[in-house]
Number of protein chains: 2
Amino acid sequence: MGPDLKGSSTYFMAYKAELDRILEALDATETLEGLQLIVEQVCEVFGVDHAMYLWVETAGNHYYFGTYSEAWTGRYLDKAYSRVDPVVVGCYQRFHPVDWKRLDWNPKPAREFLKDAMEHGVGNQGYAIPIRGPNGQFALFTLSHNCGDAAWEKLVAKYNRDFILVAHYFNRKVLELEPSRTAEQAQPLSPREVDALTLLAIGYSRAQVAQTLAISEHTLRVYIESARFKLGAINTTHAIARAVSLGLIVV
Amino acid sequence: MGPDLKGSSTYFMAYKAELDRILEALDATETLEGLQLIVEQVCEVFGVDHAMYLWVETAGNHYYFGTYSEAWTGRYLDKAYSRVDPVVVGCYQRFHPVDWKRLDWNPKPAREFLKDAMEHGVGNQGYAIPIRGPNGQFALFTLSHNCGDAAWEKLVAKYNRDFILVAHYFNRKVLELEPSRTAEQAQPLSPREVDALTLLAIGYSRAQVAQTLAISEHTLRVYIESARFKLGAINTTHAIARAVSLGLIVV
DNA sequence: TGCGGCCTCGCTATTTCGGGGGAGGACCTG
DNA sequence: CAGGTCCTCCCCCGAAATAGCGAGGCCGCA
């Protein structure tokens, strides 16, 4: 909502009504197909070529809704581009939404990825909003377009707050429609288990942890085993990784 | 933005201008004191008794800006209420903002906490927005008020989208002003090191990792040691924890 | 053409971890 | 009060990780 809009109340209200319609549709949707339709509507409302929601997953089974060509999305998955894509990599370290131009495209794999993306009509401008949910969930909402820098900056300045809302609502709905992830792993750890894993995660040996917690090493081992069991982990390292990634402990 | 507002464009625009002012102030603030002032303004704009931003840390050093009395905030910290507070506990598992009423206040510690909170004038109504940042950061933005259910629901329905924006902008600025998190940028890992740590993080033993990567276990060890060195970790578990928490590997 | 980083392979000895048991007391909830 | 969870302690032994050495080839960058 740039200053230029404050005067043109009617146009502003009309746009807001459209945005409202999108957000309400996001609230009302009950199917994944509905989300795909909404992505397309988002493009129209904001006047951009492409919009995309991508839930970046561990194993590579990405959750995707977007307007990119199937050729490109297929290629993206095949080549496991999410490990290279500066948008994904960069957003993972940020909270603030970010313009593609401000990312680091220098590494060779990134340059090759960019070239490939361009050839698939992704667009030269883009704006990405990182989204995080419980249990370390991470997703991206991205809008991309083909235009000059000035026009793009103006568009982003105008809409970026609404981008955040749409991204947020989108993720909200995806989490709602896909409860498997959240339901699958909700086993809370006991305080002592958290203590044990936390100290292990900062590099303490079992002996040190036991001493720090003022318990015997045998007791400690019971906690670790118990935590391992709750986390479905097959060894301590795995348990630590899961606990950190689920946000159960903070390193 | 309830339907009742769509007719009264002037009032709507006036409110939007106020919201804009808040968000712009949030963008412009350069000090933590400024954030405290903004919290107070947020209360005025939305017409609620209290607003609060709380960055929940495991270590206990909470980041707080809010309008609650010092008696209450002090008590909250002293008693480590963030481990009991259903708002914190509940939001930690959710993505969707949540009304206090919809939380589970049954556990005995929660009931005692509630009683204590009431006596300190926290208010009977509340709305909490969970916020997540990189490296497992977790924060809450909360608005609370003293009023009837109907009035509160109406207020939430009217403003909840804007609550999200304010919460988001608030956290954005806090992260910006608190560089300690971002300062701990580690050296990038080599691809092979990432492979090694990733497989270790999903529970593979060194032998399995070596086999999967089709390298000798000795080579693997060099990667692990190298990664440990880069991450400043004192053992593999520590390295995994840091790599996961820094987002260098995804589990 | 260096230099440095990355990837690859090897040895031995010591320390640590993992899995398998069992057992008692404290606390809260239904 | 029973049943569940949590916290605490103890045994043994095989498997795994760690620490300390060294060595060579490949590649990109200056």
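All values derive from a computational prediction rather than experimental measurement.

A closer look at the packing of helix α12 (residues 236-245) of chain A against helix α11 (residues 236-245) of chain B
- Two numbers describe how α12 of chain A lies on α11 of chain B: the axes approach to 9 Å, and their chain directions differ by 25 degrees. It follows from the interaxial angle that α12 of chain A and α11 of chain B lie roughly parallel. As for the relative orientation of α12 of chain A and α11 of chain B, their crossing is right-handed in sense. Residues Thr237, Ile240, Ala241, Val244 and Ser245 of chain A of α12 of chain A lie in contact with α11 of chain B, whose contacting residues are Thr237, Ile240, Ala241, Val244 and Ser245 of chain B.
- Across the contact of α12 of chain A with α11 of chain B, the residue classes tally to 6 nonpolar, 4 polar and no charged.

Some remarks on the interface of chain B and chain A
- At the junction of the two partners, chain B supplies 47 residues and chain A supplies 46 residues.
- A buried area of about 4,800 Å², summed over both sides, lies between chain B and chain A, and 61% of it is on carbon and sulfur atoms.
- Together, Phe95, Arg161 and Arg172 of chain B form the three largest contributors to the area buried by chain B at its contact with chain A, with a combined 15%.
- Where chain B packs against chain A, one counts 2 salt bridges.
- For the pair chain B and chain A, the interface holds 10 residue pairs in polar contact (both at pLDDT 80 or more).

Quick look at the packing of aromatic side chains
- Applying the stated rule across the entire model yields 40 aromatic pairs over all chains.
- Between Tyr127 of chain A and Phe163 of chain A the ring centres are 5.7 Å apart and the planes differ by 50 degrees, which places this aromatic pair in the tilted class. Here Tyr127 of chain A, found in strand β4 (residues 125-133), pairs with Phe163 of chain A, found in helix α7 (residues 149-177); they are 36 residues apart in sequence, far enough to count as distant.
- Overall, Tyr127 of chain A belongs to the buried group, its relative accessible area being 5%.
- On the basis of an interplanar angle of 25 degrees and a centroid distance of 5.1 Å, the ring pair of Tyr53 of chain B and Phe170 of chain B is categorised as stacked. One end of the pair, Tyr53 of chain B, is in strand β1 (residues 50-55); the other, Phe170 of chain B, is in helix α6 (residues 149-177), and 117 residues separate them in sequence. Like Phe170 of chain B, Tyr53 of chain B is buried.
- One aromatic cluster is present, built from ring pairs that chain together Tyr53, Trp55, Tyr63, Phe65, Phe141 and Phe170 of chain A.
- Arg172 of chain A extends its terminal NZ or CZ atom over the ring of Tyr169 of chain A, reaching a point 4.3 Å from the ring centre.

Description of the relation of the copies chain B and chain A
- Rotating chain B by 178 degrees about the axis while translating it 0.5 Å along that axis superimposes it on chain A, leaving an RMSD of 1.6 Å. Expressed as a symmetry operation, the mapping of one chain copy onto the other fits a two-fold axis.
- The residues that chain B uses at the interface reappear at the interface of chain A in 96% of cases, marking a shared surface.

Here we look at the protein's contact with DNA strand C
- Taken together, 18 residues sit near DNA strand C, with Arg221, Arg228 and Thr236 of chain A together with Ser216 and Tyr223 of chain B positioned nearest.
- Thr236 of chain A places a side-chain nitrogen or oxygen 2.4 Å from a phosphate oxygen of DNA strand C.
- Between DNA strand C and the protein, one listed contact pairs a phosphate oxygen with a side-chain N or O atom of Thr219 of chain B at 3.1 Å.
- Elements with a minimum of two residues in the surface near DNA strand C: α11 (217-231) of chain A together with α8 (191-201) and α10 (217-231) of chain B.
- The dominant element in the surface near DNA strand C, judged by the number of residues it contributes, is α10 of chain B, at 6 residues.

So, how was this worked out
Residues numbered from 1 in each chain as written. Chains lettered and ligands numbered in written order. Predicted model: local features only at pLDDT ≥ 70, side-chain atom pairs only at ≥ 80, totals over all residues. Heavy atoms only, no water. Axes fitted to C-alpha atoms, helices over the stretch in contact; angles between N-to-C directions. Helix = DSSP H or I, 4+ residues; strand = E, 2+ residues; numbered from the N terminus. Parallel < 35°, antiparallel > 145°, perpendicular 65-115°, else oblique. Left-handed = near helix turned anticlockwise from the far one by under 90°. Contact = heavy atoms within 4.5 Å. Nonpolar A, V, L, I, M, F, W, Y, C, P; charged D, E, K, R; others polar. Buried area = accessible area lost by both parts, 1.4 Å probe. Salt bridge = Lys/Arg side-chain N within 4 Å of Asp/Glu carboxyl O. Polar contact = N/O pair within 3.5 Å; in protein donor to acceptor, adjacent residues only side chain to side chain. Phe/Tyr/Trp six-rings, centres within 6.5 Å; stacked < 30°, edge-to-face > 60°. Buried < 20%, exposed > 50% of the residue type's maximum accessible area, 1.4 Å probe, protein only. Lys NZ or Arg CZ within 6 Å of the ring centre and 35° of its normal. Least-squares fit on C-alpha atoms with pLDDT ≥ 70 in both. Near = heavy atom within 4 Å.

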